[in-house]
Structures are given as structure tokens and as C-alpha cells.
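Observations on the three-dimensional arrangement
Below are the chains, spelled out letter by letter.
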Amino acid sequence: MTRPLPLRRTLVDLAAVALLLGVGVVGWWPSFAGGSYLPAALGGLLLGLGIALLCAWRGWGILVVAGFTLLAYFVFGGALALPSTTILGVIPTGETLGGLAAGAVTSWKAMLTTVAPVAVGDGYGLVPFLSALVLTTVAASLALRLRRPTWALIPAGVHLVLVIAMGVPQPAVPLVQGVVFAIVAVAWLALRGLGGSAEAAVSVDADGSRSHALRRRRLLAGAAVLVVAALAGTGAAAATTLAEPRHVFRDVVLPPFDVHQYASPLQAYRGYVKDHRKDSLFTVKGLPEGARIRIGTMDDYNGVVYDVSDKGVGSSGAFGPIRDAMSADATGSVAHLQFTMDQYSAVWVPDAGQVQKFTFGGSDADALRRGAYYNESTGTAVAISKLRKGDTYTVDTTIPKTWSDKELEGLDFGTVSMPKQVEGPEKLSALASDVVADAKTPIAQVRALVKKFSEEGFFSHGLEGEALSRAGHTEERISTLIGGEQMIGDDEQYAVAMTLAARSLGIPARVVMGFYPDKGKTGTFSANGDNLHAWVEVNFAKAGWVAFDPTPPKDKVPQDQITKPKVVPKPQVLQPPPPPQEPVDLPPTVPDQRGAQDGPNNLLGIIGAVLAIGGSVLLVLAILAAPFIVIGAWKATRRRKRRAAEQTADRISGGWDELTDRAVDYGARIPAGATRAEEARTVATALTVPAVTVLADHADAQVFGPSEPTEEDVDAFWQEVDGIVAGLGKDAKWHRRLLARLSLRSLLGGSRLSAGVQGLRDAASERIRRPGTGSSGAGTTTPGTIKSSPRRRGPRPAGPASESETP
């Protein structure tokens, strides 16, 4: 049976809930770097409003509401949150249903353990969709079913807090969010309170003067509160904006991937040159002219190896799972590259520029995608399952602009976070100072360093038939490079030497290893050991990281007397052996300067992650269970108040009200304003409980008798009430009993009069009562149980129901 809903109030309630939840929806914008999540979030919001409205109109209970919410999640979740798994973007598939079932739990963890911004295409749209759907349904249901909308502010506030906690430290529009939420909440409460008070006043104010005065006072007070709320919201939001970034769950939940378990790619440099000098490692199609293939970017030196730095925002060790729409701020020319692996087999994934998207193909595509991580600040990617021969993938990327020295002439060095510089060779610092002594600008200093190594040094890989050039880039090896009669080495040594020299001068520099073709060559590029390089990147303000090559040309070889060191070997001072070069994927043999990865800090991070994820899951479960808990607690509280009323006669009345409430929950349709005798006949007919008519006469005799009932009378009456209520549940099926326990019909008014109106009518009846007179039906009692006596209070009037009686 449908339940009449006041049209104007219903529209106001739905609009208010939509605005309150919409304030939270806006907060997802930084997490997705745009509005790609809006179809999922707004779709969940609209579905929640529709479910709440339909179920409130039909008078369906909480179980039906939960069922419709679950159905909407699986029917519409694919199209709104997982469109890539559906047919034509709409029809759910088996993959869609599986993703929705698993994502209801796993998407929260995934959202926290990845680096923002995230992408809807990777399944992260489930979080805004599910949170909006569930919390909108709860908020709108409470607003439409309860007399006071205050309860609906709880799920709306929970949604806002959840968005903040699951988001990023940088808020979206905190000023607008705070002001809109405060104004909407206060205005909504004022409108609902104004309407309720006016209707109550009209019921007891014949000429309407009191109701008009009350309405004016309410309007003025509401306007004042709105002004205060707007000012307070604006001030609080502004203060929050000026303060430090807010703390969110992502700050304590660390990604499970740690790149430091793999060796620095620079350690494998000489191994590639020696073993794969002419072998095809991989091929690339679509590489623009001047672009470079990047394997690894290192900015942390410990005296033995150049490696990625420790994890931290913007560091070379901050890797997150790959996703769509990465490198959102990249500028330059767009390129689409196709990679095909040949002899290359490593965890370091070749790419170029600032990547927006990886698309893996081949038989290992799923494993590679699940285990691929990317660092946006260095443009470096890693796949924990390793690339193998035959693997293919495409890269959508942005190739940065190539800056000329003239364009860099007026730019200062950039301000970027760099690891603390470990002391390099003493001679290198002195050499760097001498080299840049006459340089007046930042670019002039960098070019002076490049010129020093590229023009004064000689090139050699140290292979058979070449001049002696030991592998590695330890402090001892770099000291030998710059301290000998001639500088002899290859890209590995020269790139490290120039980077250390630049860092000793405070210049932000890092080492990059990768591949690039000879100048002027275009088309398909085949990477091999011969075109493997290492270079230096220096950060300039406005320009970002700019590449420089300090290595001498390959045809610049040492003099003949230096090229045959084996004939007349020089005495060698015993030095620490260089680190092993192969196999490529061996873990580092150098001492780990970062400390144990499984230490107390990491344990605390794991505990924090577990608590955060568990708390999120418990929060969702608590939200789903909240209506059940609230309904049960509400009914229990009202029963206690009735049982513990100050006057014993009111306890008798409360007992009867408790009985009729339970009858209403079991489906009885009690007419508004009926007397107890009329209510008893309705209950007896609807639920087949004849004993209730006798109990109604008992209640009238006790309430309207000449004296107050005793405590024994009250206890006896409540025992009869509890017996009849227990009988209602005993004769019903289990699901009917459950629906009765969770029914909101008795809480939303039913046949009960509001406390204010009932008090006025009781007072009126008391004033017009004639002592000693009775009323029909008052003397009908059960012999030996309740004495028949004249009524001391007038009977409850039967007339139009007040607002609280309207279901």
C-alpha cells in the first residue's frame, strides 16, 4: 500500500540531500585529476535518491531498501564505474559482476595504496559510486521517513568525511564545500522546523495570530543562523586552506611495492655492452627524433653505486601502480610508441617521455599490468614479473621540449628535493670549483662541466682491443678516472663523475641510463649494447629536467701507449673489487644504506594500513547496519519511557500505546484519532487477537477511574500487554517477525498523537470533566482484576489526526 508523501516537503528533502552529498562528491576531483569520476558518483547519488523515494512512498521496510540498493549496485555499477568490462558500455558481463563483487571490498584498499591521481578505467570509480549510492540511500530514507531531518545529516557528514579521508592532502574547493554544506544544512533544518511548528500552532490557535508571529520569528532566526553559518564556514575553510595540508589515510598506508629490492640498473651497464653489443634487446616504433628511451633514473649515491633514493613524495623511489591518465601536467609533443621485447629481460621497463598510459599485450599482459609500477617524477617504470622475449606493449606519452642553451640562458636552477649528497672524491670537488670559476650563469656552469669531461677525456669500454677501462662507478673508480694521466672511461663513469661534480656545487643533477639512436636516424629503433648510454639531467626553473652528455665521442680513443696496458702493467694498489655486473637482475651486493625494510617503522606502516583498511570496511558495514541499530534502539527507548512515566495512569496509557504500536508494525491499519475501544476492534479483526478488546476496557477503567492505578495494577497490565505482543510474534513466520521489528510505521506516527497535541487535549478534557459521570464502556471489566469505576478523565477524542499521525 502506498504512503502519501507531502509533495513540497519531499522535494525540499530530496534537494537538500542531493546538495549535501554533492558537496562530498566534489571532493573526489583531485583524486581523479578531473571529472572522469562524475558519472559514477552522480549516478550513485541519483540512484540512492530514487531508491529512498520509491521505498518511502510504498512504505517498504529497511530490508527492501537494502535489497534495492544491492540490486542497483550490480545492475548499474558496470555502466557507471566499470564501463570497460561491459558490452557496449552498458550491459554487464561475468567480468563486470565479478569486479563489482570483489571491488566492494578491495577497491577501498586499492584506492589507498596507489599514488593519486587514479583513473576510472582501473576500477577506482567503484569507490565514489558505492559511497554515494549507500550513503545517499540512507540519508534520503531518513529524511523522507522521519519528522526531524537531523538524523539525515549523519550519513551526509559521514560521506564528506569519507571523501576527505580517502582523498589526497590537497583539498578540492574547501571554501565552497564548507560554506555550501553549512548553509544547506541550516536552511534545511530551519525550513523543516518552521513547517512543523506552524502546523502545530495552527492546531491550537484559532485566529492564527500566534502562528503568524511564530512564523516571523522563525524566519528571522533562520536568516540570522544562515548568515552566521556562512561566515563561520568561510572562515574555517579559509583557515584550513592556509594551514598545512590535511592528513588523510593515504599518508599512513604505504604502497606494498619497494623498488629497492632490485639492483640499480646502472650496475648492469657494462654487462649489456659486453654481452649484447650487437644483439637486438628490443625494438621501438614511433620514436620521435631526438627522443630518448629511459631505463632508470638515479639520484642517490652512497660511494659505491648510484641508485634510486628512498621512498617519498617526488623522489626517484616513489613508485605507484600504473593507471590511466598518469603525468597529468606533462607538456610537449604527444607520441604513441610500440615496444617489442627481444633479448631484453629485466624488471626495468623501457619508456620515453612522461607516460600517460601503458597497454600491455601478449600472453603475459595481465601479469605485467598487475605488477607494473611507474614513477611520474623520473619517468621510470618497473614490472615485477620481468619483461621477456615476445612481450609487447604500447606507450601513450608526452615527449618534453628540447631546450637550447640560448633558451636556458636566463633561467636559474630549479628548486627540487634531492637526497643528501655523500662526499665524493676530494679532487672532484676541487676540479668542479675550478671548472666553473669563470661561468656567470647556471647554463654556463653546466656547459663548463660537460666540456671538461667530453673534450679532455677519452672513450673506452675496456673490451678486448680497447684501452684499459674498469667497469663500475665506485668512489675509487671515479677517483682513478680524474686522477690519472688521462681520463678513460665510458658513459657510466663520465655521467657519474659529472653528476657528483655538479652536486658538489649545489646543482640539482641526476644520472639516467637508457638508449637513443644516432642523430638523424628515424623509423624503427633497435636497442642494443652499442647504443646504450648514460647521461646527466639537470633541473632548471620553468624548463624542468634537461639532458646533457658529458661522455667523449666513441672515436676519441687514448694514445697507443695507453691502449696496451697488459704489455707493461703498472703496479696496482689493492682496491675493493667492483660490484658484480651480471646477471642483470641480481640483487645489489653493496651494503644497504637504508636499513632493514622490515624494521619497526615498516611494521608500524603495515599495522596502520591494516587498521585503515579494516576501519574503512567497518565504516561501510556500520553505515549499512546503522538503520537496524537506530530502529531497535529507538523502539526500546520509547518503551522504557512509557514504562517509567511519572504517573501510573500514564504508564497504563503507555502500555496500551506499546501494544498498538506493535500491532501497527505487524500490519494493522488503525484509524487516526480512534478511541481505545475502536483501536481494539481494529487490532482484533486484523490480527485475530480477541483478548485485546478486554485489555482496552481495562486501560480505560484504569486511566479514567477515580483514583490512580497502583504499581501492582501497572505491572499486571504490562504483563498482559507483553503476553499479547508475544502472541503476535509466535503466530507469525520468522521473516514477518523480522519485518515487524524493523518496521518504521509505528515510529513515524501511526495512530499516535504528538506529545504536544495530546497534552493540550488531555488538559481540555480535564477542564470539561464532570466528577462522577461516566461514559459507555467504562464499566466493562474482568471480575476480580480491575474495579469498575467512573472515569476521572474524558475519553480520547476521535477526530482528524495531527501531523504526527500521518504515516
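Residues numbered from 1 in each chain as written. Predicted model: local features only at pLDDT ≥ 70, side-chain atom pairs only at ≥ 80, totals over all residues. Heavy atoms only, no water.

Quick look at the sheet that holds strand S11 (residues 380-383) now. Sheets are built from strands paired through backbone hydrogen bonds, the pairs being either parallel or antiparallel. What the 4 strands build is an open sheet, ordered S5-S10-S11-S7; its pairing is antiparallel. Only two strands of the sheet have a single partner each, and these edge strands are strand S5 (320-321) and strand S7 (348-349). When strand S10 (residues 372-375) meets S11, the two strands line up antiparallel, connected through 4 bridges. Looking at the pairing, Asn375 lines up with Thr380 of S11. (Pairing = 2+ DSSP bridges. Helix = DSSP H or I, 4+ residues; strand = E, 2+ residues; numbered from the N terminus.)

So, about the sheet that holds strand S6 (residues 333-341). Spatially, S9-S12-S6-S1-S16 is the arrangement adopted by the 5 strands of the open sheet, whose pairing is antiparallel. In this open sheet, the two edge strands, each paired with only one partner strand, are strand S9 (354-361) and strand S16 (525-527). Across the sheet, the axes of successive neighbouring strands diverge by a mean angle of 20°, strand direction being ignored. Across 3 bridges, strand S1 (residues 282-285) lies against S16 in antiparallel orientation. Residue Thr283 lies in a different strand from S16, and its bridge partner there is Ser526. (Axes fitted to C-alpha atoms, helices over the stretch in contact; angles between N-to-C directions.)

Here helix H19 (residues 648-665) crosses helix H20 (residues 676-687) at 35°, and the two axes come no closer than 11 Å. The crossing of H19 and H20 is left-handed. Seen from H19, the contacting residues are Ser653, Trp656, Thr660 and Ala663; seen from H20, they are Arg676, Glu679, Ala680, Val683 and Leu687. Class assignment for the residues of the contact of H19 with H20 results in 5 nonpolar, 2 polar and 2 charged. (Left-handed = near helix turned anticlockwise from the far one by under 90°. Contact = heavy atoms within 4.5 Å. Nonpolar A, V, L, I, M, F, W, Y, C, P; charged D, E, K, R; others polar.)

Moving on: the packing of helix H3 (residues 38-58) against helix H4 (residues 62-81). At a minimum axis distance of 10 Å, the contact between H3 and H4 shows a crossing angle of 155°. Here H4 runs roughly antiparallel to H3, going by the angle between their axes. You can see that H3 and H4 cross each other, and the crossing is right-handed. In contact with Pro39, Ala40, Gly43, Gly44, Leu47, Ile51, Leu54 and Cys55 of H3, H4 contributes Val64, Val65, Phe68, Thr69, Ala72, Phe76, Leu80 and Ala81. (Parallel < 35°, antiparallel > 145°, perpendicular 65-115°, else oblique.)

So, about a nonpolar patch on the surface. Together, Leu54, Trp57, Phe68, Leu71, Val75 and Phe76 make up a nonpolar patch on the protein surface, roughly 520 Å² of accessible area in all. Listed by contribution, the elements that provide at least two residues to the nonpolar patch are H3 and H4. With respect to the helices and strands, Trp57 occurs in helix H3. (Patch = residues over 30% accessible without salt bridge, like charges linked within 9 Å, V, L, I, M, F, W, Y side chains within 5 Å. Areas by Shrake-Rupley, 256 points an atom, 1.4 Å probe, with all protein chains shown as cover. Salt bridge = Lys/Arg side-chain N within 4 Å of Asp/Glu carboxyl O.)

Of all the 6 residues making up strand S2 (residues 293-298), 6 are buried; the element is thus mostly covered by neighbouring parts of the structure. Where S2 lies against strand S8 (residues 351-352), 2 bridges are found, and the strand directions are antiparallel. Paired with Arg294 across the strands is Asp351, a residue of S8. The sheet contact formed by S2 and strand S15 (residues 509-515) spans 5 bridges and is antiparallel. Considered in S15, the bridge of Ile293 is made with Phe515. (Buried < 20%, exposed > 50% of the residue type's maximum accessible area, 1.4 Å probe, protein only.)

Now for the environment of Ala185. Relative to the helices and strands, Ala185 is located in helix H8 (residues 174-204). Here Ala185 falls in the buried class, since its relative accessible area comes to 10%. Along the chain, Ala185 and Ala152 lie 33 residues apart, while their C-alpha atoms are 9.8 Å from each other. Contact partners of Ala185, with chain neighbours within four places excluded, come to Leu20 and Leu153.

This part covers the side chain of Thr137. Its location among the elements puts Thr137 in helix H6 (residues 126-145). Owing to a relative accessible area of 2%, Thr137 belongs among the buried residues under this scheme. At a separation of 2.7 Å, a polar atom in the side chain of Thr137 contacts the main-chain carbonyl oxygen of Leu133. Discounting chain neighbours no more than four positions away, the residues touching Thr137 are Gly48, Ile51, Ala52, Val65 and Thr69. (Polar contact = N/O pair within 3.5 Å; in protein donor to acceptor, adjacent residues only side chain to side chain.)

What follows deals with the pattern of salt bridges. Under the counting rule described, the total for this entry stands at 24 salt bridges. Residues Arg369 and Asp122 are paired through a salt bridge, measuring 2.2 Å at the closest nitrogen-oxygen approach. Linking Arg369 in helix H11 (residues 365-370) with Asp122 in the loop between helix H5 (94-112) and H6, this pair joins segments that are 247 residues apart in sequence. Salt bridges sharing common partners tie together Lys635, Arg638, Arg642, Glu658, Asp661, Arg662 and Asp665.

With 87 residues, the main nonpolar core has Phe282, Tyr344, Phe358, Phe540 and Phe548 as its most contacted residues. The element contributing the most residues to this core is helix H16 (residues 491-504), with 8 residues. Setting aside residues no more than four positions away along its own chain, Phe548 makes contact with Leu408, Ile443, Val446, Arg447, Val450, Met498, Trp535, Val536, Val538 and Phe540. Grouped together as the second largest cluster of nonpolar side chains are 53 residues, Val25, Ala72, Trp108 and Ala140 included. (Core = buried A, V, L, I, M, F, W, Y, C linked by side-chain atoms within 4.5 Å.)

The next subject is the packing of aromatic side chains. Centre distance and the angle of the planes are the two values used to describe a pair of aromatic rings. A full pass over the atoms with the stated rule returns 19 aromatic pairs. On the basis of an interplanar angle of 45° and a centroid distance of 6.1 Å, the ring pair of Phe282 and Phe339 is categorised as tilted. Linking Phe282 in strand S1 with Phe339 in strand S6, this pair joins segments that are 57 residues apart in sequence. In this structure Phe282 comes out as buried when scored by relative accessible area, which is 0%. Judged by centre distance (6.1 Å) and plane angle (10°), the rings of Phe358 and Phe360 are stacked. Neither residue differs from the other here; Phe358 and Phe360 are each classed as buried. (Phe/Tyr/Trp six-rings, centres within 6.5 Å; stacked < 30°, edge-to-face > 60°.)

Our focus in this paragraph is unusual backbone geometry. The residue Leu88 is not glycine, and still its phi comes out positive at about 60°. The class for Leu88 is exposed, based on a relative accessible area of 78%. Here the phi dihedral of Ser327 falls at roughly 50°; this positive angle occurs in a residue that is not glycine. With respect to the helices and strands, the residue Ser327 is situated in the loop between S5 and S6.

Glancing now at the pairing of S11. Burial along S11 is two-sided: Thr380 and Val382 and Ala381 and Ala383, pointing in opposite directions, are all buried. Sheet topology note: the S7/S11 ladder contains 2 bridges and is antiparallel. If you follow Trp348 over to S11, its bridge partner there is Val382. The loop that links S10 with its antiparallel partner S11 comprises 4 residues; one of these, Gly379, has a positive phi angle of about 70°.

With that out of the way, let us pick up the environment of Phe413. Residue placement: Phe413 occurs in the loop between helix H12 (405-408) and helix H13 (426-435). Phe413 sits 129 residues away from Lys542 along the chain, and the two C-alpha atoms are 9.2 Å apart. Apart from residues lying up to four places away in sequence, Phe413 is in contact with Pro442, Gln445, Val446, Ile507, Pro508, Val538, Asn539, Phe540 and Ala541.

This next bit is on the environment of Ser264. Inspection of the secondary structure puts Ser264 in the loop between helix H9 (209-242) and helix H10 (269-275). Distance from Ser264 to Thr297, taken between C-alpha atoms, is 9.1 Å for residues 33 residues apart in sequence. Excluding residues within four positions of it along the chain, Ser264 makes contact with Met298, Val305, Tyr306 and Asp307.

Let us look at the confidence of the model for the protein. When pLDDT is averaged along the protein, the result is 78; 74% of the residues meet or exceed 70. Considering only residues more than four positions removed or in separate chains, one finds that residues 584-600, a stretch of pLDDT under 50, has 23 contacts. The low-confidence segment residues 750-807, where pLDDT is below 50, has 113 contacts with residues more than four positions distant or belonging to other chains. (pLDDT = per-residue confidence, 0-100.)

Okay, the side chain of Thr136 next. Mapped onto the secondary structure, Thr136 falls in helix H6. Sequence-distant contacts of Thr136, that is, excluding residues within four places in its chain, are made with Val17, Leu21, Leu45, Gly48, Leu49 and Ser131.

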